[in-house]
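Now for the letters of each chain:
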Amino acid sequence: MVFSSIIFLFIYLPAVLLLYYITPKKARNFLLFAVNLIFYGWGEPKLVVLMIISTLINYISGLLIGKFKDEKGNNKKGAKIVLIISVIVNIALLGYFKYAGFIGNILHLKVGDIPLPIGISFYTFQTMSYTIDVYRNDAHTQKNFITFGTYVSLFPQLIAGPIVRYRDVEAQLNERHENLEQFTEGVKIFMVGLCKKVLLANQMGKLWDIMRADQSAGILGSWVGIIAYTMQIYFDFCGYSEMAIGLGKMFGFDFLINFDYPYISTSITEFWRRWHISLSTWFKEYIYIPLGGNRKGLARQIFNMFVVWTLTGIWHGANYNFILWGIYFFVLLVIEKSFLLKVLKKAPKVVTHIYALFFIIIGWVIFFFEDMGELWAYITRMFAPSAGLISHDCLVNVIAYLPLLLIASFACTPVAKKLYANVEKKSWSWIPDAVLCLLGLIVSTASLVSSGYNPFLYFKF
Amino acid sequence: MKKQLKYTPALVFCIFIFIIPILYLSITDSDYSPLEKRKLSQFPEPTLKSVFNGKFGEDFETYLNDQMPLRTFFVGTNAYYDQLSGRNGMSGIYNGKDDYLLVTPVEDKSTFDNNIRFIGEFIDEIKKPVYVCIVPSAGCIYNDKLPLNHYNYNDEALINKVKDGFSEYDNCTFIDIMSDFKTLSGSEQLYYKTDHHWTSLGAFECYNILGNYMGFTPTKQDQFNIESYSGFYGTNYSKSALWFNRGETLEVWDNKKRADQPVSVVISDGGEVTATDSLFNRNNLDTEDQYTVFLDGNHAMVTINNENAETDRKLLLLRDSYSHCLAPFLVDNYSEIILVDVRYYLNPVSDIVTSQNIDDILLLYSIDSIVNSTDLAGIY
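Residues numbered from 1 in each chain as written. Chains lettered and ligands numbered in written order. Predicted model: local features only at pLDDT ≥ 70, side-chain atom pairs only at ≥ 80, totals over all residues.

## Section: the nonpolar core
When a protein is soluble and globular, its nonpolar side chains tend to lie buried together.
Now for step 1: Formed by 128 residues in total, the largest nonpolar core has its most connected members in Leu200, Met204 and Ala228 of chain A.
Now for step 2: The greatest single-element share of this core, amounting to 17 residues, is contributed by helix H9 (residues 180-213) of chain A.
Now for step 3: Sequence-distant contacts of methionine 204 of chain A, that is, excluding residues within four places in its chain, are made with Ala228, Met231, Gln232, Phe235 and Ala408 of chain A.
Now for step 4: Among the nonpolar cores identified, the runner-up in size contains 89 residues, and Tyr94, Ile123, Phe232 and Tyr233 of chain B belong to it. (Core = buried A, V, L, I, M, F, W, Y, C linked by C-beta atoms within 7 Å. Buried ≥ 20, exposed ≤ 12 C-beta atoms within 10 Å, placed from the backbone. Helix = DSSP H or I, 4+ residues; strand = E, 2+ residues; numbered from the N terminus. Contact = placed C-beta atoms within 7 Å.)

## Section: unusual backbone geometry
Residue and element names in this part refer to chain A.
Now for step 1: A positive phi angle, near 50 degrees, is found at tyrosine 261, a position not held by glycine.
Now for step 2: On the secondary structure map, tyrosine 261 appears in the loop between helix H10 (218-250) and helix H11 (268-274).
Now for step 3: Look at tyrosine 261 and you get partly exposed, because 16 C-beta atoms sit within 10 Å.

## Digging into helix H3 (residues 55-66) of chain B
Now for step 1: The first and last C-alpha atoms of H3 of chain B sit 17 Å apart over twelve residues, in line with the 16 Å expected at 1.5 Å per residue.
Now for step 2: Within the span of H3 of chain B, buried status applies to Gly57, Glu61, Leu64, Asn65 and Asp66 of chain B. (Expected span 1.5 Å × (residues − 1).)

## A few points about the sheet that holds strand S9 (residues 264-269) of chain B
All names here are of chain B.
Now for step 1: Across the sheet, which stays open at both edges, the eight strands sit in the order S6-S5-S14-S12-S13-S11-S9-S10 with mixed pairing between neighbours. Each edge of the open sheet is held by one strand with a lone partner, namely strand S6 (172-175) and strand S10 (272-276). With direction set aside, neighbouring strand axes in the sheet form an average angle of 15 degrees.
Now for step 2: As paired elements, S9 and strand S11 (residues 301-305) share five bridges and run antiparallel to each other. Bridged to valine 265 within S11 is isoleucine 304. (Pairing = 2+ DSSP bridges. Axes fitted to C-alpha atoms, helices over the stretch in contact; angles between N-to-C directions.)

## Comments concerning the environment of glycine 293 of chain A
Residue and element names in this part refer to chain A.
Now for step 1: Summarising the element assignment, glycine 293 is placed in the loop between helix H12 (277-288) and helix H13 (298-316).
Now for step 2: A C-alpha to C-alpha distance of 6.6 Å links glycine 293 and asparagine 304, two positions eleven residues apart in sequence.
Now for step 3: Ignoring anything within four residues of it in the chain, the contact list for glycine 293 reads Tyr288 and Asn304.

Below, the structure written as structure tokens:
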């Protein structure tokens, strides 16, 4: 189930909210666990089992690690062995379901069709954060299976993040203080996310599809196309994260922010501090720092970065282009680290913004095209003006989408938020809040309903 | 109290997301959507199998979308939002000047080449005089009614492609109505504003042009009783979802002589045969699909006999829905007209030509049909 759908907004969410708030506090985790499974099972009835198995393995690992640690003399060795086994099992599950097909292709082995379970990359990383944190004494063992299951399967962030570390929600899992203040805050954040997804990302996606398909789009057309995709992927992902954060608040959870206006960055280093923060944090916390980070000399640091960025690439998908995408950022980050950051600091802001956006956008070309031939063809379209500036049809689309492109660009900056912060200080701020909320609901719903409105013109030959 | 007011957004949100499911439960499901002219999906019966393979979930979401409360309101809101945010034409309909709703241009496709080939083979085999006429789209003819920012209409090039495709056959005459229509469009309304079809006047003008090529004397305009029916909303209106656009007038042109000199109309669909003496089914004016007033809309085969016709020649008219309102004019000039719609007529068309002693064949299709239809293969 996705958030931006009629079934979620008007069936699942009202039902779950109603059930949740009439359920006594003690039973609320149990209820959440049950509805999480329905949420997940709606699209993947069979793969629910896999998620439950994964939850069980990590639950038991946590118990064992805790037990070994509590033993007299703190049996570190025992805890370590359990941790290693659980990490291997987690990675094996993720590896099998996500990468077996890809690796099979490379080795020319027949692997068959393995369905990719939705959200497996997200929940595997979450469960691993739990066992590692317990091992490192950063979190307590969760003895209640229902509570642990609720954490792993928590529907707001289950299928598209953010990757919530166990230690960040440990206290809230055991005891939450749901309140109207937080609920209202959640509604507002959810609405912003919903509008980003439905009104911006979906529309930018349509523009990208049109521009990409037109081989004669021309150099400007190709650039507008990839800029539309740049917008689509940001508003899609960021919108989804905000909906998750908003929903979390409606149920008394506080998740950390996942996107911090990444496109206003002035360097790639800054971009990765602002983009998909929960993923970068995870890699930093559980891979980069354990490998020694920057404390073991330059050569080791570069190696560590290489590992992290290759993995970041692969995490996004099982294909060459994702590996290439990861390594692309590794190279850029190494260059920035060695000398470019110092240069950028002195350069005019306009130049640094253009520099960062240019490489971010080229990154999205690599990210989008899984076929190397198509990838190269698109890069060629962007730089070799064989098809002129822009075709007439593309120009028509650019003009048609110009208002949305401008709104989207504006929404990539924190300006609107800063301006609205002044309104929020006023005593009458509830009026624009409520009006915007209602408008956002109506227009988003209208957009969702329209996608299923198909006049069947049977008399039209 | 003042403190509580800041929770209003949460209240608005909850009312909205709770009221929709309440409406779902309290409004009975509809079977049919007159605006979309299609059956709406109904609640799917869950079975163990359908729940576990995800089919139930899929069907249930389609059902929810089809039966959404206030659906028309939401679809309309989205249409006006698209207009406001600059995306005129995204629904496939341009919101043009003077209330014109115009279909966006057709694009060249592989089906187009296939259709030209099939029809060419038919013409080659049949050896009888074949007249081919392609009706350009309203957007091409009424170019000045289009919004400023629009795709180009390549109807002229596409129609020329048809013309060139058949030029090698001596028995084929291509009838070009483009330039006449462009001239006439300055003073006459040849197409509906809310529908993709031509008006009765548009069909009449085409009929006059056909006369020049096919060698008959068209009946004069003053020979017709023109009945006007207001409140016609066509397919472009439904598709655009711009509900505030106005309805328009639909005209039925009935020959004054017809009262004394009736014709016989035999409609057959597969085995089902209906006979009547009227070219117009005026009962349909009260239904949602008013355009079916002309020859009762789509049927596999319609045979019209007129013993008082100008000649005793027989015409085979291979048609799409544009001919529904053209054929009633041709009745005065052919003693027998057989209209065949190859979407529904599944036997070889060439058999009709020999068994019925057909003299002339007219192939009249809209540009949209000849470019996009995958059914024209049935001609050959």
